[in-house]
Amino acid sequence: MLRITAASLGTSCQKMRLVLLPSASLITTATTCSKREENQCTVDSLYELSVDIRKVRKLKGWVLSETTAYVSETASLLRDMGAGTAVIAHILETHPEAVLCQPEDVVAQRDLWRSVCSSQRALLSIIEKFPASFFSVSHHSNQRAYILYLQSLRLNNKIISKLMASAPQSFSRHLELNQEVIHTLRETYLDLGGDEGNLRVWLQKLLSQNPYILMRPAEAWRDSLGFLKDQGFTTEELLSLVSSLRASISELNPEAMQQALAYVQDALSCSEDELKLAVIRCPAVLYYSLPTLAGRFQGLMDVGVSVKQVKESPNILELTTQIVLYRIQKLASYGYDVCSGSLDVIIGTKKDFEMSCTRLNLRQQRPLFNPVAPLRTAEE
């Protein structure tokens, strides 16, 4: 009985080995594929250009294993544009895939980008900052079509080059999709009472402030504006909101805006007209999440700021609680009590706040002379 059992166990083990061996082989093959041997020619060429190979291995190690690479050709093209050794090394460390682009494609890309750059030096500066955008050569025809379209709208070449650098995805799309969004922007501006003569300037401002605006579907604009119209905002107020939100209005969700408006109205105990005024003075409340709004409002209440003060200066909600606390403490060191004064001294950029502090400090050091005050003698 034992012999039979042992024999059967032996047979079973052999079957298990037959089943496991192929799996083990697959694992070995997968491991080998994932650790492909580096192309020594590519590694040596990059090393000669003072490129940090360790950085490339960590960032995009797979590039070093590609069979074909154009390291010397890419470096030569950059050098012809005025790039020094350090700049070339930085570009190839930041975006190693550049060496995989065929030289003729890179030359065509260079010529295309030069059509919107003021000089070769300006183009090289863009490549140094946005190498991934420049070496995206797979959508060359779409890029060319879109550049020609934007130039037909008489947009500034500087704005176009900025778009190409910071939002290359919009240039890889079919022209018709971008045309639809720009048409919606144009119609929005004119419907809200904008002047045809200022349309180009307005559009350039939006595109420069938010390069990704064209990635949002045209319907998003219509939905957001439709919601705000339903809230009673006039065309003039809507135009102001669209401009001040830097085109982020296309990213807003009507439901989220409704929740934000309801919270602000309840927290400030304000009427419909007061709510509209608060939104116009602080458009950011439309895209802050409820937890963010609630946290910032409660932080103000905790340090003794009144609801009335927030209602008078709603853009205080643009600042984080940490920034507000820091500024209140700094003002206190100058003898200024925010809770009994205006919040306007806190609001603004860091530069604005530092200027306010300087003025307060000067007043503290040099009291204003009152010409009608009685003179005090030494005996007094």
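Residues numbered from 1 in each chain as written. Predicted model: local features only at pLDDT ≥ 70, side-chain atom pairs only at ≥ 80, totals over all residues. Heavy atoms only, no water.

Across its 13 residues, helix α14 (residues 218–230) extends 19 Å between first and last C-alpha, which sits within 8% of the 18 Å expected from 1.5 Å per residue. Buried residues of α14: A218, A220, W221, S224, L225, F227 and L228, and no others. Packing partners of the buried residues in α14 comprise α12 (175–191), α13 (199–209), α15 (235–244) and α16 (254–268). Two residues or fewer after α14 comes G232, characterised by a positive phi angle close to 100°. (Helix = DSSP H or I, 4+ residues; strand = E, 2+ residues; numbered from the N terminus. Expected span 1.5 Å × (residues − 1). Buried < 20%, exposed > 50% of the residue type's maximum accessible area, 1.4 Å probe, protein only. Contact = heavy atoms within 4.5 Å.)

What follows deals with the environment of S161. Along the chain, the position of S161 falls in helix α10 (residues 157–166). Given the relative accessible area of 8%, S161 is considered buried. Placed 47 residues apart in sequence, S161 and R114 show a C-alpha to C-alpha distance of 9.2 Å. Beyond its immediate chain neighbours, meaning those up to four positions away, S161 contacts V116, C117 and I126. Among the polar contacts listed, one links the side chain of S161 to the backbone oxygen of K158, at a separation of 2.8 Å. (Polar contact = N/O pair within 3.5 Å; in protein donor to acceptor, adjacent residues only side chain to side chain.)

With that settled, consider empty space enclosed by the protein. Taken as a whole and judged by the stated rule, the model has one cavity of 30 Å³ or more. Taken as a whole, the largest cavity encloses approximately 40 Å³ of empty space. Along the walls of the largest cavity sit Y263, V264, A267, L268, L293, F297 and L317, which together make up its complete lining. Within the residue set of the lining of the largest cavity, elements represented by two or more residues are α16 and α18 (290–302). When the residues that make up the lining of the largest cavity are grouped by side-chain class, the tally is seven nonpolar, no polar and no charged. (1 Å grid on protein atoms, 1.4 Å probe; cavity = no way out; pocket = protein on both sides within 12 Å on 5 of 7 lines; lining within 4 Å. Points joined across faces, edges and corners; volume = space filled by probe spheres on them. Nonpolar A, V, L, I, M, F, W, Y, C, P; charged D, E, K, R; others polar.)

What follows deals with the layout of surface pockets. Considering only enclosed or pocket space, the largest pocket measures out at about 320 Å³ in volume. Around the largest pocket sit 15 residues that line it, and A122, I126, K158, S161 and K162 are the ones nearest its centre. With seven residues, the top contributor of residues to the lining of the largest pocket is α10. There is about 200 Å³ of room inside the second largest pocket. What lines the second largest pocket is a set of 13 residues, and nearest its centre among them are L153, R186, E196, L199 and R200. Only α12 and α13 provide two or more residues apiece to the lining of the second largest pocket. Here the lining of the second largest pocket is composed, by residue class, of seven nonpolar, two polar and four charged.

Attention now moves to the pattern of salt bridges. Applying the stated criterion across every chain yields a total of ten salt bridges. A salt bridge links E93 to K55, with the nearest nitrogen and oxygen atoms 3.9 Å apart. Linking E93 in helix α5 (residues 85–94) with K55 in helix α3 (residues 53–60), this pair joins segments that are 38 residues apart in sequence. Owing to a relative accessible area of 39%, K55 belongs among the partly exposed residues under this scheme. Between D111 and R110 there is a salt bridge; the shortest N-O distance is 3.2 Å. (Salt bridge = Lys/Arg side-chain N within 4 Å of Asp/Glu carboxyl O.)

Here we take up the confidence of the model for the chain. Averaged over all residues, the pLDDT of the chain equals 83, while 85% of them reach at least 70. Across residues 1–34, where pLDDT falls below 50, the model places zero contacts with residues more than four positions away in sequence or in other chains. Between residues 375–380, whose pLDDT stays under 50, and residues either more than four places distant or in other chains, the model counts one contact. (pLDDT = per-residue confidence, 0-100.)

All right, on to unusual backbone geometry then. Look at S50: it is not a glycine, yet its phi comes out positive at around 65°. Within the secondary structure layout, S50 lies in the loop between α2 (40–48) and α3. Residues other than glycine seldom take positive phi values, yet S269 does so here, at roughly 50°. Secondary-structure assignment places S269 in the loop between α16 and α17 (272–281). For S269, a relative accessible area of 57% puts it in the exposed group.

Quick look at α17 now. Along α17, the positions that sit buried rather than exposed are L275, K276, A278 and V279. Projected onto a plane normal to the axis of α17, the buried residues spread over an arc of 160° and lie on a single side. Those residues of α17 that are buried are in contact with α15 and α16. (Arc of directions from axis to C-beta.)

Running from N to C, helix α9 (residues 140–152) and α12 point in directions that differ by 25°, and their axes come no closer than 10 Å. Between α9 and α12, the interaxial angle falls into the category roughly parallel. Crossing of α9 over α12 shows right-handed handedness. Each of A145, Y146, Y149 and L150 in α9 lies in contact with α12, whose residues at this interface are L175, N178, Q179 and I182. A per-class count over the contact of α9 with α12 returns six nonpolar, two polar and no charged. (Axes fitted to C-alpha atoms, helices over the stretch in contact; angles between N-to-C directions. Parallel < 35°, antiparallel > 145°, perpendicular 65-115°, else oblique. Left-handed = near helix turned anticlockwise from the far one by under 90°.)

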